[in-house]
Amino acid sequence: QTVRWHIELQPWASATPSLNYEASRFLKYISTSQISCEHMNLNSLKGYSETTKKPWSICLDERFSLIHRIRSKQCRLYSLGLGNDDNQFELTMANSGCEVHRFDPSIKSAHIQEGRHLWYHRLSIDWRDPNPAFAAHRLHSNTKKLGTVLNEFGHQKIDVLKADVESAEWKILENLILEDVVEQIGQLVFEVHIHWPGFEVSGNDSTVVRYWYSLLRELELKDFRLFHTYKDLSKPQMFLKKEAFNASSCYTLSWVNTRWK
């Protein structure tokens, strides 16, 4: 199997590159469910409280593995964040018997265990591992690719990957796709930010939106299906620094890997 360095870019949305066409294709895509999910509510799990600020929607339908793995206390959640106080979703999953790993570079100690099922790690998940030449100077290099962390922790699979990484999500998602790590994940719940291109995403506006769209189409090729979209109206309504297209700067998107039955 050859290593891929770049994702496959989708054809332009129109005969000549146009931000209007790219934006409308992309926004329609992220707003359209590809598969229905009846049970997305954590109410069915014990320890749930209604104070969750944001709907981190997971699919608990019987036809997918997650609900069965929760019942058999075999599920694993990885949560990627940056100093975010809202950890209600993680606590609920831990209370229902899931093994929960929260990665956040702002955590005080390298590893903290809270209760039986919840771990905090002072690690930032990135789209590349640190350069060994630089890492040698920093004993506790705290930036790693997800694939590297899975290998180090001895984890083959993650039932749910939740990410709120403030615009690093596009490059992280690209890395998961290029290295086939995404196939080890059952469900993805990502907050995506579209008020600017994101870290290390370059090009003019129409090129950026085509890249975002192409990334999400790659997920679809890997048998991921979008089942829920939350448009955050509390955030600035911006699209690439413009008030345009009736877009929010922030959406929470939930996918299920349909290979995982």
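For every chain, the first residue of the written sequence is number 1, and numbering continues from 1 along that sequence. Residues qualify for local features only when their pLDDT is at least 70, as the model is predicted, and side-chain atom pairs are given and counted only at 80 or more; totals for whole chains, interfaces and linings, by contrast, use all residues. Excluded from the side-chain calculation are hydrogens and water; included are all heavy atoms of the structure.

(A) Spotlight on the state of the cysteines. Note on terminology: disulfide denotes any pair of cysteine sulfur atoms within 2.5 Å. Counted under the stated rule, the structure contains two disulfides. With its sulfur 2.1 Å from that of its partner, Cys37 forms a disulfide with Cys59. Disulfide Cys37-Cys59: torsion about the S-S bond near 105 degrees, hence right-handed. Taken together, the positions of Cys37 in the loop between α1 (19–30) and α2 (65–71) and Cys59 in the loop between α1 and α2 put the pair 22 residues apart, joining distant regions of the chain. Only protein chains enter the accessibility calculation, which uses a 1.4 Å probe; a residue is then buried when its area is under 20% of its type maximum, exposed when over 50%, and partly exposed in between. Take Cys37: its relative accessible area is 11%, and that puts it in the buried class. With a relative accessible area of 1%, Cys59 lands in the buried category. Residue Cys75 pairs covalently with Cys98 via a disulfide, S to S 1.6 Å. Note that Cys75 is positioned in the loop between α2 and β1 (76–81) and Cys98 in the loop between α3 (88–95) and β2 (99–103), a separation of 23 residues in sequence. Starting at the N terminus, helices and strands are each numbered in turn, a helix being any DSSP run of H or I of at least four residues and a strand any DSSP run of E of at least two.

(B) Fine view of the pattern of salt bridges. A pairing counts as a salt bridge when a side-chain nitrogen of Lys or Arg comes within 4 Å of a carboxyl oxygen of Asp or Glu. Per the counting criterion, the structure on display carries 18 salt bridges. The residue Glu179 makes a salt bridge to Lys145 at a minimum N-O spacing of 2.7 Å. On the criterion of sequence distance, the pair formed by Glu179 in the loop between α6 (169–178) and β8 (185–193) and Lys145 in strand β6 (residues 143–145) is long-range, its members being 34 residues apart. By relative accessible area, Glu179 is classed as partly exposed at 38%. Lys145 gets classed as buried once you look at its relative accessible area, which sits at 15%. One salt bridge in this structure joins Lys235 and Asp232, with 4.0 Å as the shortest N-O distance. Overall, the relative accessible area of 29% leaves Lys235 in the partly exposed class. Looking at Asp232, the relative accessible area reads 3%, which means it is buried. The network of salt bridges with shared partners includes Glu90, Arg102, Asp104 and Lys162.

(C) Fine view of the environment of Asn95. As for its position among the elements, Asn95 is in helix α3. Separated by 23 residues in the primary sequence, Asn95 and Leu118 have C-alpha atoms spaced 8.9 Å apart.

(D) Seen up close, the side chain of Asp61. Mapped onto the secondary structure, Asp61 falls in the loop between α1 and α2. Charge convention: Lys and Arg are scored as positive, Asp and Glu as negative, and His as well as the terminal groups of each chain are ignored. Nearest to the buried, unbridged Asp61 among oppositely charged side chains is Arg63, at 4.1 Å. Within the local environment of Asp61, its side chain forms a polar contact with the backbone nitrogen of His39, the two atoms lying 2.8 Å apart. Residues count as neighbours in contact if any of their non-hydrogen atoms are within 4.5 Å of one another. Those residues in contact with Asp61 that sit more than four places away from it in its chain are Ser36, Cys37, Glu38, His39 and Ile67. Identification of polar contacts relies on pairs of N or O atoms within 3.5 Å, with a donor-acceptor requirement for protein atoms, meaning one able to donate a hydrogen and the other able to accept it, and with residues adjacent in sequence counted only if both atoms are side-chain atoms.

(E) Representation of α6 within the structure. Of all ten residues in α6, ten are buried, a share of seventy percent or more. Listed as buried for α6 are Glu169, Trp170, Lys171, Ile172, Leu173, Glu174, Asn175, Leu176, Ile177 and Leu178. Where α6 ends, the next residue or the one after it, Asp180, has phi of about 60 degrees, a positive value.

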